Amino acid sequence: MNIRFHVLVAVLTIFLGFTLKVTPTEWLILLLTMFVMISLELVNTAIERTVDLVTDDFKPLAKQAKDVAAGAVLIFSIGSIIIGVIIFLPKAIRFFN
Ligand SMILES: Nc1ncnc2c1ncn2[C@@H]1O[C@H](COP(=O)(O)OP(=O)(O)OP(=O)(O)O)[C@@H](O)[C@H]1O
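Residues numbered from 1 in each chain as written. Predicted model: local features only at pLDDT ≥ 70, side-chain atom pairs only at ≥ 80, totals over all residues. Heavy atoms only, no water.

Regarding its fold elements, the chain presents 3 helices and 0 strands. Ordered by position from the N terminus, the helices and strands of the chain form the series α-α-α. Expected size for 97 residues packed as a compact globule is a radius of gyration near 13 Å; at 17 Å, the chain overshoots this value by more than 25%. On the principal axes, the C-alpha backbone points of the chain span a range of 55 × 20 × 15 Å. (Helix = DSSP H or I, 4+ residues; strand = E, 2+ residues; numbered from the N terminus. Rg over C-alpha atoms; globule rule 2.2 N^0.38 Å.)

In structure tokens:
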């Protein structure tokens, strides 16, 4: 996943937020989630670049550093999806009924 994908998801989330009229508290949760997600992706990219700068060889520690950083992004992505479903699903069901 790259940063462009996360920015696209953030733009879609904002569009959905206006369409489904989320509350101010829900906006705060969504904004925090989007900003943390993008920040985490940037930190992941920084770790990848740093590892690549340090070594071109296959090293178990290099693999661990990249995999753990990618794991952090994955875990927060799963959390973000759960938050999105909790906020948007009931509103979407009401919207289409
Ligand atoms: N120097 C290395 N030594 C050992 N394993 C590595 C090394 N570099 C990468 N790997 C392994 O290969 C995987 C892919 O590495 P890569 O640098 O392509 O990361 P990526 O997440 O695909 O990066 P990008 O987001 O730039 O496409 C890593 O998650 C890691 O498991």
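Bringing the packing of aromatic side chains into the picture now. Inspection of the entire model under this criterion finds 2 aromatic pairs. Taking 5.1 Å as the distance between ring centres and 55 degrees as the angle between the ring planes, the aromatic pair formed by Phe18 and Trp27 counts as tilted. (Phe/Tyr/Trp six-rings, centres within 6.5 Å; stacked < 30°, edge-to-face > 60°.)

Attention shifts here to the environment of Gly17. Here Gly17 lies in helix H1 (residues 3-19). Residue class for Gly17 comes out buried when judged on its relative accessible area of 1%. On a C-alpha basis, the gap between Gly17 and Asn2 in space is 23 Å, while along the polypeptide they are 15 residues apart. Excluding residues within four positions of it along the chain, Gly17 makes contact with Val22, Trp27 and Phe88. (Buried < 20%, exposed > 50% of the residue type's maximum accessible area, 1.4 Å probe, protein only. Contact = heavy atoms within 4.5 Å.)

Trans peptide bonds make up most of the peptide bonds, and negative phi angles are found at most residues other than glycine. At Lys21, a position not held by glycine, the phi torsion is positive, near 55 degrees. Looking at the element boundaries, Lys21 is found in the loop between H1 and helix H2 (24-54).

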